[in-house]
Amino acid sequence: MSRQPPREFVAPVQRFRIRYAKRGQLRFASHRDFQRAFERALRRAEVPMAYSAGFSPHPKISYANAAPTGTASEAEYLEIAVAEHCRADDLQTRIDTALPPGLDIVEVVEARTPDFVQRLEGSRWRIALPGVSPDAAQRAVTALLATHDVVVERLTKNGMRRVEVLPAVVDIAVTEGRAASVAESSETCAIMQVVLRQETPAVRPDDVLAALRSVADLAPQVPPQVTRESQGPLAEGGNAGGITIGDPLAADREA
Amino acid sequence: MAMAPESVFDRLEHLLPCVQKPIQYVGGEVNAVQSDWDAADVRWALMYPDAYEVGAPNQGVQILYEVLNEQPGVLCERTYAVWPDLEALMREHDVPQFTVDAHRPVGAFDLLGLSFSTELGYTNMLTALDLAGIPLMAADRVDGHPLVVAGGHAAFNPEPIADFIDAAVLGDGEQAVLALSDIVRDWKVAGHPGGRAGLLERIAKSGVAYVPSLYDVEYLADGRIRRVLPKLAGIPWRVAKHTLMDLDEWDYPRAPLVPLAETVHERMSVEIFRGCTRGCRFCQAGMITRPVRERSKAGIAAMVKRGLAATGYEEVGLLSLSSADHSEIAEVTTYLADCYSDSQTSLSLPSTRVDAFNVDLANELSRNGRRSGLTFAPEGGSERMRKVINKQVTEEDLIRTVATAYAAGWRQVKLYFMCGLPTETDDDVLQIARMAAEVIRVGREVSGRRDIRCTVSIGGFVPKPHTPFQWAAQLDHETTDARLALLRDRIRSNREYGKAIGIRYHDGKPGIIEGLLSRGDRRVGRVILEAWRAGARFDGWSEYFDFERWQSAASIALADEPVSLDWYTVREREHSEVLPWDHLDSGLDREWLWEDWQAAVDEEGVEDCRWTPCFDCGVCDQMGTQIQVGPTSVEMGMPTARGETGIPLSPRADSMA
Ligand code: B12
Ligand code: SF4
């Protein structure tokens, strides 16, 4: 029997940038879990994807800065390339319907500008600390910001890695609120709003928590709940004159 | 009506950040069913007693989950074994065993069904019962505790777990779970007459399931069983297996589950037939699932099409005990391969048959892909051994087949064998080395390449109930290990071909414990309990399995008995001995099995009753069944019994055309 050549490259005609959320129980999905679920949803939704060439062709998808396993997110981004013309709003409903509830498509915008990933300069993380009072959290934050360099260790695929935390910290504010997914009856607790700059190697909310533990003995009994609230270009300003995070899709929407 | 139990997720949630792969405990699979607790009057928790990554793809559980949830008034959720890291946290924080669907406590369900494809899940059942707050011993359970029901292949000898389960279902589960649901509903509606005992009696009398507590086992002074007899009038002396007769009518799962967590099978499976009549004497699955019942080609095409649309999987596996044996497999694979030639979907056909036809099928399925590896299972190393086990393959067949494969561009051939088969000698196993070398020699010749490889994979033979080898002595683990060491040295010392031959095997110890659990009687329950108390969990995983723990559990638990670990495993049984499962009817005629055992020792084969006349194994007579094979008249793509069309298989194929 004759062997046929590897499949041809299915060329892209259009690209879309997608903002999606990872909510509630599904925050425990790892990035790989999300990738599999997303690719299967594309197939169920019959999105005419563009494919790479080769023996095992892959649909053309690029993922950016995925939030860590266990972290919820309102602002994850990816880009897909399609082989036939599509409409953004139509893609949004089709893919969202095909994804399991908890993995939700927030917005789909056609890509019209370059350098998207560079626009993802930083993220705002909401860290709820069940069982920790706002005062205790504020004291720990003040102590952390008063130090000069804090290095924490994190276990990665390539062994232990040392991460310098402070250079990435743009802003930390402490307020009072409720942990998002804990039962309603639960008490209020400290909520930290942390803005972290996207760096390599990435500094994650976990690293900030580890730094707070090492500098100020802040060790919550219950695991904190972390949500990425936004991601995008960093800018001065905002109501309190602090740092704001812009919408990374604005340029494409307006182009 | 009892209040709907609260979800335990709030309590579980804080524990998840501290465990490995938390997503496996979350559920959220595509096509999982959300059902209303209060609208149901019979509620099942179904468990595959192994890790989620192994249990979630299991077809048996997926089928029963769907069949039950479709039934008005019936609800079914799933639960899996939790790893020791979460188990410890659940104990510390008092979180019970939960379902992954709605995170309800397993103890709140009416029934807990366990699917045992292997005996190695028994200790995980005890963990789940304990975490669920269900008494481990069936005798200690009262009204309000779930009815614990075992199913799956291992349930054909449930005696070792007889003290822990309330009932066991033999054979196909589809109709049995519906019948059990009816019995439970009627009993609830009638106001629980007779309490838990009354329910068990109803089940036993119906013949739907075997209720071990309603049978007495008497022993002889030497430890053998004297007899097994029902305790009450109206309870069957022998309990028979269930056989589903029309796979096209039962086209489940219709919407297969797509887990978020990574599993061992990242593909969709379509079961293309049940049963196998090749008659390999070591194969329990082949013996207990007779007769062969094929799904029609139109039925297969419809399931593939619907399943892909419902799941988005990129690979479909055609599943059965010996997939190349489907009477219309060539048409099915060609048809499916044509349908997919434009899409990004691949097909796999797990088949290990040693013949050129099998290579043709594999070629067809890899039309567009890379030809990496092919697997064949001669099972026995020597010609003599293959006669003993009734694997009718000559060495010439094997060499010719692998030559065809290497010539067609396959680079790697895997060969499966067993070690420790009845009557086996060192020489029988050493023949594997010679055969593998010959495979490489011929492979280099026909392909003209030196980079071809052959991997020899060897499993230890464990005698199983309801097979002709149920009387055989299991080989002790010392001899198994010594034989495998000899084989390894023989292969490695071959200067010319040794480097091209890989060898994979496990030591003989786990097989001994599997043997104990397979052919044990009720006294083995004490060993299981003792081993579990000493920490036995996930016994199918080499990183958790501890032979010494089991050995000491056996000596403690059996100290006052005339029996031992060796007695259950390496001892040959005589014709007259009452076997622990003799009162459980797989349809096979005991005399036929004995004759087949004698024929094995005499190195005589039997044919396959699909192609040759019936050889009276007893199944069809006893069960009122018959073989169901093609050719079928309905063409693929034509409407099937359920009014589905089989064309086109890939939704993308037309949108991209
Ligand atoms: C896919 C597969 C695997 C996969 C996926 C496992 C999985 N979870 O499904 C992998 C590769 C991981 C695997 C591993 C193993 N497998 Co496997 N596997 C299979 C295979 C090919 C298909 C299973 C299947 O889905 N069957 C189809 C369904 C419909 O059948 P079923 O599960 O038996 O369910 C029906 C009934 O049994 C019953 N039923 C089942 N559960 C319950 C529960 C209740 C309450 C009730 C009432 C009824 C009921 O109702 C169902 C519908 O009728 C079978 C062969 C086969 N065709 O069955 C082998 C098979 C089940 N595996 C087998 C073995 C030995 C193993 C391993 C132990 C191998 C090893 N040495 O490591 C491991 C153990 C895994 C584990 N720890 O559980 C043997 C079992 C031997 C036997 N005694 O019959 C089989 C039969 C293969 C064989 N020919 O020997 N396996
Ligand atoms: S009774 Fe005859 S036809 Fe039926 S499975 Fe046995 S051998 Fe085959």
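Remember, it's a predicted structure, so these values are computed and weren't measured experimentally.

Caption draft 1: Representation of the overall build of chain B within the structure. When you go through chain B residue by residue, the secondary structure sums to 22 helices and 18 strands. Expected size for 657 residues packed as a compact globule is a radius of gyration near 26 Å; at 25 Å, chain B falls within 12% of this value. In terms of overall dimensions, chain B has C-alpha extents of about 75 × 70 × 55 Å along its principal axes. A total of 657 residues make up chain B; the buried ones form 61% of that total. Across chain B, every contact between residues at least 6 apart in sequence was considered, and the portion connecting residues at least 24 apart equals 77%. Accessible surface, chain B: about 24,200 Å² in total, of which carbon and sulfur atoms supply 50%. Mean positive and mean negative side-chain charge positions of chain B (68 and 98 charges, respectively) differ by 4 Å.

Caption draft 2: How the structure looks around the site of ligand 1. Residue and element names in this part refer to chain B. Close contacts around ligand 1 come from 32 residues, with Tyr48, Asp50, Val54, Ser115 and Gln284 the closest. Within the contact set of ligand 1, a nitrogen atom lies 2.6 Å away from a backbone nitrogen or oxygen of Val54. Between an oxygen atom of ligand 1 and a side-chain N or O atom of His153, the distance comes to 2.9 Å. For the shell around ligand 1, the secondary-structure elements that each account for two or more residues are helix H3 (59-70), strand E3 (111-115), strand E4 (147-151), helix H6 (174-189) and helix H8 (284-288). Element by element, the count of residues in the shell around ligand 1 is highest for H3, at 4 residues.

Caption draft 3: Main features of the packing of H3 of chain B against H6 of chain B. Residues and elements named next belong to chain B. H6 packs onto H3 with a crossing angle of 40 degrees between their chain directions and a minimal axis gap of 10 Å. Our classification of the angle between H3 and H6 gives oblique. By crossing handedness, the relation of H3 to H6 is classed as right-handed. Taking contact as the criterion, the partners of Ile63, Leu64, Val67 and Leu68 in H3 are, on H6, Glu174, Val177, Leu178 and Ser181. Of the residues belonging to the contact of H3 with H6, the class tally is 6 nonpolar, 1 polar and 1 charged.

Caption draft 4: Local environment of the environment of Gly511 of chain B. For Gly511 of chain B, the position within the fold is in helix H16 (residues 509-519). Beyond its immediate sequence surroundings of up to four residues, Gly511 of chain B is in contact with Val462 and Gln474 of chain B.

Caption draft 5: Expanded view of the nonpolar core. If you look at the biggest cluster of nonpolar residues, it comprises 174 residues, and the most contacted ones within it are Phe38 and Ile80 of chain A together with Trp44 of chain B. Beyond its immediate sequence surroundings of up to four residues, Ile80 of chain A is in contact with Gln14, Arg15, Phe16, Ile18, Phe38, Val47, Met49, Lys60, Ile61 and Leu91 of chain A.

Caption draft 6: Local environment of helix H13 (residues 395-407) of chain B. All names here are of chain B. Between its first and last C-alpha atoms H13 spans 18 Å; for 13 residues at 1.5 Å apiece the expected length is 18 Å, and the two agree. Those residues of H13 that sit buried are Glu395, Leu398, Ile399, Thr401, Val402, Ala403, Ala405 and Tyr406. Buried residues along H13 sit in contact with helix H11 (356-365), strand E14 (373-379), helix H12 (383-389), strand E15 (412-419), helix H14 (426-447) and strand E16 (453-460). Looking one or two residues beyond H13, the residue adopting positive phi is Gly409, at roughly 105 degrees.

Caption draft 7: Quick peek at a negative patch on the surface. All names here are of chain B. A surface patch of negative charge is lined by Asp589, Glu591, Glu595, Asp616 and Asp621. One can find Asp589 in the loop between strand E18 (584-585) and helix H20 (590-601). What makes Asp589 partly exposed here is its relative accessible area of 36%.

Caption draft 8: Just helix H7 (residues 195-206) of chain B, in detail. Residue and element names in this part refer to chain B. In this model H7 runs 17 Å from its N-terminal to its C-terminal C-alpha over 12 residues, within 8% of the 16 Å that 1.5 Å per residue would give. Along H7, the residues that are buried comprise Gly195, Arg196, Gly198, Leu199, Leu200, Ile203 and Ala204. Where the residues of H7 are buried, they touch E4 and H6. Remark: Gly207 follows H7 within two positions and exhibits a positive phi of approximately 80 degrees.

Caption draft 9: Structural detail: the packing of H6 of chain B against H7 of chain B. All names here are of chain B. Between H6 and H7, the shortest axis-to-axis distance is 10 Å and the interhelical angle comes to 145 degrees. As H6 packs across H7, the resulting crossing turns out to be right-handed. Residues Leu180, Ile183, Val184, Asp186 and Trp187 of H6 lie in contact with H7, whose contacting residues are Gly195, Arg196, Gly198, Leu199, Arg202, Ile203 and Ser206. For the contact of H6 with H7, a count of residues per class yields 6 nonpolar, 3 polar and 3 charged.

Caption draft 10: Broad picture of the domain arrangement of chain A. All names here are of chain A. By the assigned domains, chain A splits into domain 1 (14-111) and domain 2 (120-245). The gap between the C-alpha centroids of domain 1 and domain 2 is 27 Å. Approximately 1,000 Å² of surface area, both sides summed, lies buried where domain 1 meets domain 2, with 52% of it carried by carbon and sulfur atoms. In this structure, the salt-bridge partner of Arg228 is Glu76, at a minimum N-O distance of 2.7 Å.

Caption draft 11: Structural detail: the sheet that holds E16 of chain B. All names here are of chain B. In spatial order, the strands read E14-E15-E16-E17; together these 4 strands make up an open sheet with parallel pairing. Of all the strands in the sheet, just E14 and strand E17 (501-505) have a single pairing partner and so form its edges. Mean inter-strand twist for the sheet, computed between neighbouring axes without regard to direction, equals 20 degrees. Taken together, the 5 bridges between E16 and E17 define a ladder with parallel strand orientation. Of the residues in E17, the one forming a bridge with Ile458 is Tyr505. Across the sheet, H13 lies against E14, E15 and E16, angled at about 175 degrees from E14, the strand it touches most.

The rules we used
Every chain's residues receive numbers from 1 upward, in the order its sequence appears when written. Starting at A for chains and at 1 for ligands, labels are handed out in the order in which the entities are written. Where local features are concerned, this predicted model is filtered to residues with pLDDT of at least 70; where side-chain atom pairs are given and counted, the filter is 80 or more; whole-chain, interface and lining totals use all residues. In computing side-chain properties, one takes all heavy atoms of the structure into account and sets aside hydrogens as well as water. Going along the chain from the N terminus, every DSSP run of H or I of four or more residues is numbered as a helix, and every run of E of two or more is numbered as a strand. In this description the radius of gyration comes from C-alpha coordinates, and the expected globular size is given by 2.2 Å times residues to the power 0.38. Relative accessible area decides the class of each residue, using a 1.4 Å probe on protein chains only: under 20% of the type maximum gives buried, over 50% gives exposed, and in between gives partly exposed. Residues are treated as being in contact if the distance between any of their heavy atoms lies within 4.5 Å. To measure how exposed things are, a 1.4 Å probe is used in the Shrake-Rupley method; for residues, cover is taken only from the protein chains shown. When charges are counted, Lys and Arg contribute as positive and Asp and Glu as negative, whereas His and the chain ends are disregarded. Charge placement uses NZ in Lys and CZ in Arg. For Asp and Glu, CG and CD serve respectively. Nearness here has a simple test: a residue counts as near a molecule or strand if at least one of its heavy atoms is within 4 Å of that partner. As used in this structure description, the phrase polar contact means that two N or O atoms lie within 3.5 Å; if the pair is within protein, one of them must be able to donate a hydrogen and the other to accept it, and residues adjacent in sequence are counted only when both atoms belong to side chains. Lines fitted to C-alpha atoms define the axes, with helix axes restricted to the stretch in contact, and inter-axis angles between N-to-C directions lie between 0 and 180 degrees. Oblique is the label for any angle not under 35 degrees, not over 145, and not in the 65 to 115 range, which are roughly parallel, roughly antiparallel and roughly perpendicular in turn. Left-handed is the label given to a crossing in which the near helix is rotated counterclockwise from the far helix by less than a right angle, and right-handed is the label when the rotation is clockwise. For this classification, the nonpolar set comprises Ala, Val, Leu, Ile, Met, Phe, Trp, Tyr, Cys and Pro, the charged set comprises Asp, Glu, Lys and Arg, and every other residue, Gly included, is treated as polar. For the purposes of this section, nonpolar cores are sets of buried Ala, Val, Leu, Ile, Met, Phe, Trp, Tyr and Cys residues that join through side-chain atoms within 4.5 Å. Between the first and last residue of a helix there are one fewer steps than residues, each counted as 1.5 Å, and that sum is the expected span. Candidate patch residues must exceed 30% relative accessible area and have no salt bridge, after which like charges are joined if within 9 Å and Val, Leu, Ile, Met, Phe, Trp or Tyr side chains if within 5 Å. Think of a salt bridge as a Lys or Arg side-chain nitrogen and an Asp or Glu carboxyl oxygen that are within 4 Å of each other. For the domains described, the bounds stem from an automatic or database domain assignment. By buried area we mean how much accessible surface two parts lose on assembly, using a 1.4 Å probe and totalling the loss over both. Think of it this way: DSSP has to see at least two bridges between two strands before they count as a pair.

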